[in-house]
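Observations on the model geometry
Next come the chains, spelled out residue by residue.
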Amino acid sequence: MIVLSAKELTKTYGTDVILDRVSFHINKGDRVGIIGVNGAGKTTLLRILTGELQCDGGEFFVSSDTTVGYLKQDGGFDSENTVMEEVENIYGGFHDMEKEMEELLAAIEASAGNDAENRRLLERYDSLHEKFRARGGYTYKSEMAGILSSMAFGEESYDKKISTLSGGERTRLALACLLMKKPDILMLDEPTNHLDIGTLKWLEQYLKSYKGTIVLVSHDRYFLDETVTRIFEVENHRLEIYEGNYSFYAAERKKRRESEMRRYEKQRREIERQEDMIRRFKERGTEKLAKRAASREKRLAAMDVVERPAGERDRMKISFHADFQSGRDVLLAEGLSKGFGYGSGRTELFHDVSLDIKRGERICLVGANGIGKTTLLRMLMGDISCDAGRIKIGYNVKFGYYDQGQQLLNGANTVIEEVRDSYGLYTDGEIRNILGRFMFRGEDVFLKVGSLSGGEKARLALLKLMMSGANVLMLDEPTNHLDIESKEVFEEALLDFPGTCVIVSHDRYFLNRIPTRIMELTQDGMENYLGTYDYYVEKKQEQIRSGKQYLESVAQRDDMRTSDASSAAAEDAGAAGDGGEGLSPAERRRIQKEREASERRLKRQKEALEKEIQDLEDEIRDLERQLGSSEVATDHVRLAEIGRTLTDRKDDLDGKYEEWLELQEQ
């Protein structure tokens, strides 16, 4: 069933053509990824489809009764509202239904003597109650908490004012609110920005199980591979469709380009052959050959000429060099800790962080949002101080820093002024040549930095970094605003760089190409993984499996202890039977009976406790099995419920073990 179709959509800005006669259709349940270089018109197309922007030609159709949700970067929030107030606005219909049901119940009670009125009110209440249940009235609160939690909004953030949220937090809240609305068509523009790897994986699973249709713009190649089944490539004002994920698109696009070029060359050769024959026929000058020449000319004129395939698109040209080589030991840190605030209001980011970085390493730093990755990066450069620990910077180290927000750029400068201010020894001609390598040409060099797009600012920041001659590159989310082709060029430049790189990134495709080592920052320190992202994931899974095996070994060990304790109790009973010299036979029998009664009572307590421990261990194993199942992995509400239950059961088990150990000592 077609839920959205477009026919010959055209959009221009003055003389600039953005989209030219674009046509396509989207079926119910499709997962569409829109890709293309920055400025190709991806967001423009998305805004046209949501009705936020008028097209200059063509038309599009959205099926009736179909709701469309669009992710806006600012979320359209009221800055004076709290996080929870904005979220509860989404579920206002449930509050109204609950209020109406309460009023109906009161009216039913008041109309007890009027059967007709009572029946009418009961029918209305039953209808409303069924609608309330079917729409999720009894589950929306847990669903709301689950989505907020998955987007890194814990209960402590519910009362935060929107005005106090960072740009990344606003984006995550906007995405959370949109997911709660559950529109029939979900349209997302760069949804992976500002998400850490854990949240990205959750979002992928959520979108895989989403019952509606998804249309998203993204430069995240790994995310596209995991979530979409169709690719729309916007290029040269037109749209090409590929029926597969990003990896399929990349391979198919290469084959298509090669096939188109072969077809073009073949036709070109045929046209040249026909033109040569026509020329020869005419040169002979006979009437018969002249007719044949005219006939061939007609066929040639009627031929559907294949246009020459577009050449390789203009790409950023970047290469990093170091003015001089650093020493072998680049950075050494021991016992670092950092927090903010004082007293009861103090928040600790991390503690006991140690690392040792050598020349030539490419280190990628990962970790949850808010854990302090950017803080650590700036701490290592000496921009901010640590609360504890020490940092040793190696010999001849020259840092070059890329900040993800491009806050180091002066928005009041023009592009050429921004470069000239930092590198005044270059002539304007040399600067313009370098800017041309980064696709700033002609009048573009006189654009204000503040008016540039995110991708253009990213290219300008990388240009300045390239010119710095630094031998240690400190990069904070460098691929966030780059299109796919620019990412590939940037990755090649990093692989060729002879210096050292320390990079904060959540781009998993990037993490599979670049690092020689991945370091995961946690609140309790730093974990090292000597490999790329896939190796890191494999090791994390091994750690989870090891944890489960440890729990099983603890259970087996406790079973053995129970058996040993029973044997010891029997030996103690035998020894007690041999003692008691000097007591009368009646006194010895009384003591023996009391001892036996105490042992039976203790045995029953142990058996009951061991049964409770066994039941808890069985339940924990079952919960862990559910967490690993594909069915539960796609249900974020169920995942949150199981996670909470699992934590509670493990706490109960620890308490039972303590009781059991106390009984063993008696």
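Note that this is a predicted model, so its numbers are computed, not measured.

1. As for the overall build of the protein
The helix and strand inventory of the protein stands at 20 helices and 18 strands. The 666 residues of the protein split such that 43% are buried. Restricting the contact set of the protein to residue pairs at least 6 apart, pairs at least 24 apart contribute 69%. Accessible surface for the protein amounts to roughly 35,000 Å². Of this, 47% is attributable to carbon and sulfur atoms.

2. What to know about the pairing of strand β14 (residues 399-402)
Going residue by residue along β14, you find Gly-400 and Tyr-402 tucked away on one face and Phe-399 and Tyr-401 left uncovered on the opposite face. In this sheet, strand β15 (residues 472-476) lies alongside β14 in parallel orientation, the contact comprising 4 bridges. What sits directly across from Phe-399, in β15, is Val-472.

3. Digging into the sheet that holds strand β11 (residues 347-358)
If you walk across this open sheet you meet the 3 strands as β11-β10-β13, and the pairing is antiparallel. Of all strands in the sheet, those with a lone pairing partner are β11 and β13 (388-393), marking the two edges. The sheet shows a mean angle of 15° between the axes of neighbouring strands, taken without regard to direction. Here 5 bridges tie strand β10 (residues 329-340) to β13, and the two strands are oriented antiparallel to one another. Paired with Leu-331 across the strands is Ile-393, a residue of β13. The strands touched by helix α11 (residues 373-381) are β10, β11 and β13; relative to β10, the strand with the most contacts, the crossing angle is about 130°.

4. Remarks on helix α5 (residues 140-150)
The set of residues buried in α5 consists of Tyr-140, Glu-143, Met-144, Gly-146, Ile-147, Leu-148 and Ser-150. Two residues or fewer past α5, Ala-152 is found with a positive phi of approximately 70°.

5. Examining the sheet that holds strand β2 (residues 16-27)
The strands making up a sheet associate through backbone hydrogen bonding, with each pair oriented either parallel or antiparallel. With antiparallel pairing, the 3 strands of this open sheet are ordered in space as β2-β1-β4. Each edge of the sheet is formed by a strand with only one pairing partner; in this case those strands are β2 and β4 (57-62). Strand-to-strand twist across the sheet, computed as the mean angle between neighbouring axes with direction ignored, equals 15°. Across 8 bridges, strand β1 (residues 2-13) lies against β2 in antiparallel orientation. Across the sheet, Thr-12 pairs through a bridge with Val-17, a residue of β2. Lying on the sheet, helix α1 (residues 42-50) is in contact with β1, β2 and β4; it crosses β1 at an angle near 125°.

6. Concerning helix α12 (residues 415-422)
Residues Val-415, Ile-416, Glu-418 and Val-419 constitute the buried set of α12. Looking straight down α12, one finds that the buried residues subtend no more than 160° of arc, so they occupy a single side. Buried-residue contacts for α12 involve α13 (428-437) and α14 (454-467).

7. Re empty space enclosed by the protein
Enumeration over the complete set of coordinates arrives at 2 cavities of 30 Å³ or more. Considered as a void within the structure, the largest cavity measures approximately 90 Å³ in volume. Residue lining of the largest cavity: Glu-190, Thr-192, Asn-193, His-219, Asp-220, Thr-479, Asn-480, Lys-487, His-506 and Asp-507, and that is the complete set. Looking at the lining of the largest cavity residue by residue, the classes come out as no nonpolar, 6 polar and 4 charged. A volume near 40 Å³ is recorded for the second largest cavity. What lines the second largest cavity is Leu-195, Asp-196, Ile-197, Val-366, Gly-367, Asn-369, Lys-373, Glu-477, Ser-505 and His-506.

8. Here we look at the nonpolar core
Ranked by size, the top nonpolar core spans 52 residues in total, and within it Val-87, Leu-148, Met-151, Leu-173, Leu-179 and Leu-203 carry the most contacts. The dominant element in this core, judged by the number of residues it contributes, is helix α6 (residues 167-181), at 8 residues. If sequence neighbours within four positions are ignored, Met-151 has contacts with Arg-172, Leu-175, Ala-176, Leu-179, Leu-195, Thr-199, Trp-202 and Leu-203. Grouped together as the second largest cluster of nonpolar side chains are 48 residues, Tyr-423, Leu-462, Met-466 and Ile-503 included.

9. Quick notes on the packing of α12 against α14
Interhelical geometry of α12 versus α14 gives an angle of 25° and a closest axis separation of 11 Å. The orientation of α12 with respect to α14, classified from their angle, is roughly parallel. With respect to the hand of their crossing, α12 and α14 are arranged in right-handed fashion. In contact with Val-415, Glu-418, Val-419 and Ser-422 of α12, α14 contributes Leu-460, Leu-463, Lys-464 and Met-467.

10. Considering the packing of α12 against α13
How two helices sit against one another is set out by the angle between their axes and by the gap between those axes. The contact between α12 and α13 brings their axes to 10 Å, and the two run at 115°. Here α12 runs over α13; the crossing is right-handed. Contacts from Val-415, Ile-416, Val-419 and Arg-420 in α12 reach Asp-428, Ile-431, Arg-432 and Leu-435 in α13. Tallied by class, the residues present in the contact of α12 with α13 amount to 5 nonpolar, no polar and 3 charged.

11. A closer look at a negative patch on the surface
On the surface, Asp-78, Glu-85, Glu-88 and Asp-159 cluster together to form a negatively charged patch. Counting through the fold element by element, Glu-88 comes out in helix α2 (residues 83-90).

12. What to know about the pattern of salt bridges
Applying the stated criterion to the full structure yields 37 salt bridges. Linking Asp-329 and Lys-358 is a salt bridge whose minimum nitrogen-to-oxygen distance equals 2.4 Å. Here Asp-329 is found in strand β10, whereas its partner Lys-358 is found in strand β11, with 29 residues between them in sequence. Asp-329 sits in the partly exposed class, given a relative accessible area of 44%. Through salt bridges that share partners, Arg-221, Lys-487, Glu-491, Glu-492, Asp-507 and Arg-513 make up one connected network.

13. Remarks on the confidence of the model for the protein
A residue-level look at the protein finds 88% of positions with pLDDT of 70 or above and a mean pLDDT of 82. No element of the protein has a lower mean pLDDT than helix α19 (residues 630-633), which averages 61, and none a higher one than strand β16 (residues 500-504), which averages 96.

14. Comments concerning the packing of aromatic side chains
Within this structure, the stated rule accounts for 13 aromatic pairs. A ring pair is formed by Tyr-242 and Tyr-249, whose centres lie 5.0 Å apart and whose planes are at 90°; its orientation type is edge-to-face. Here Tyr-242 and Tyr-249 have matching classes, each one buried. Aromatic ring contacts, followed pair by pair, group Tyr-222, Tyr-529, Tyr-533 and Tyr-536 into a single cluster. Lying across the ring of Phe-440, Arg-459 places its NZ or CZ 4.9 Å from the centre.

Procedures and definitions
- Residues numbered from 1 in each chain as written.
- Predicted model: local features only at pLDDT ≥ 70, side-chain atom pairs only at ≥ 80, totals over all residues.
- Heavy atoms only, no water.
- Helix = DSSP H or I, 4+ residues; strand = E, 2+ residues; numbered from the N terminus.
- Buried < 20%, exposed > 50% of the residue type's maximum accessible area, 1.4 Å probe, protein only.
- Contact = heavy atoms within 4.5 Å.
- Areas by Shrake-Rupley, 256 points an atom, 1.4 Å probe, with all protein chains shown as cover.
- Pairing = 2+ DSSP bridges.
- Axes fitted to C-alpha atoms, helices over the stretch in contact; angles between N-to-C directions.
- Arc of directions from axis to C-beta.
- 1 Å grid on protein atoms, 1.4 Å probe; cavity = no way out; pocket = protein on both sides within 12 Å on 5 of 7 lines; lining within 4 Å.
- Points joined across faces, edges and corners; volume = space filled by probe spheres on them.
- Nonpolar A, V, L, I, M, F, W, Y, C, P; charged D, E, K, R; others polar.
- Core = buried A, V, L, I, M, F, W, Y, C linked by side-chain atoms within 4.5 Å.
- Parallel < 35°, antiparallel > 145°, perpendicular 65-115°, else oblique.
- Left-handed = near helix turned anticlockwise from the far one by under 90°.
- Patch = residues over 30% accessible without salt bridge, like charges linked within 9 Å, V, L, I, M, F, W, Y side chains within 5 Å.
- Salt bridge = Lys/Arg side-chain N within 4 Å of Asp/Glu carboxyl O.
- Lys, Arg positive; Asp, Glu negative; His and termini not counted.
- Charge placed at Lys NZ, Arg CZ, Asp CG, Glu CD.
- pLDDT = per-residue confidence, 0-100.
- Phe/Tyr/Trp six-rings, centres within 6.5 Å; stacked < 30°, edge-to-face > 60°.
- Lys NZ or Arg CZ within 6 Å of the ring centre and 35° of its normal.

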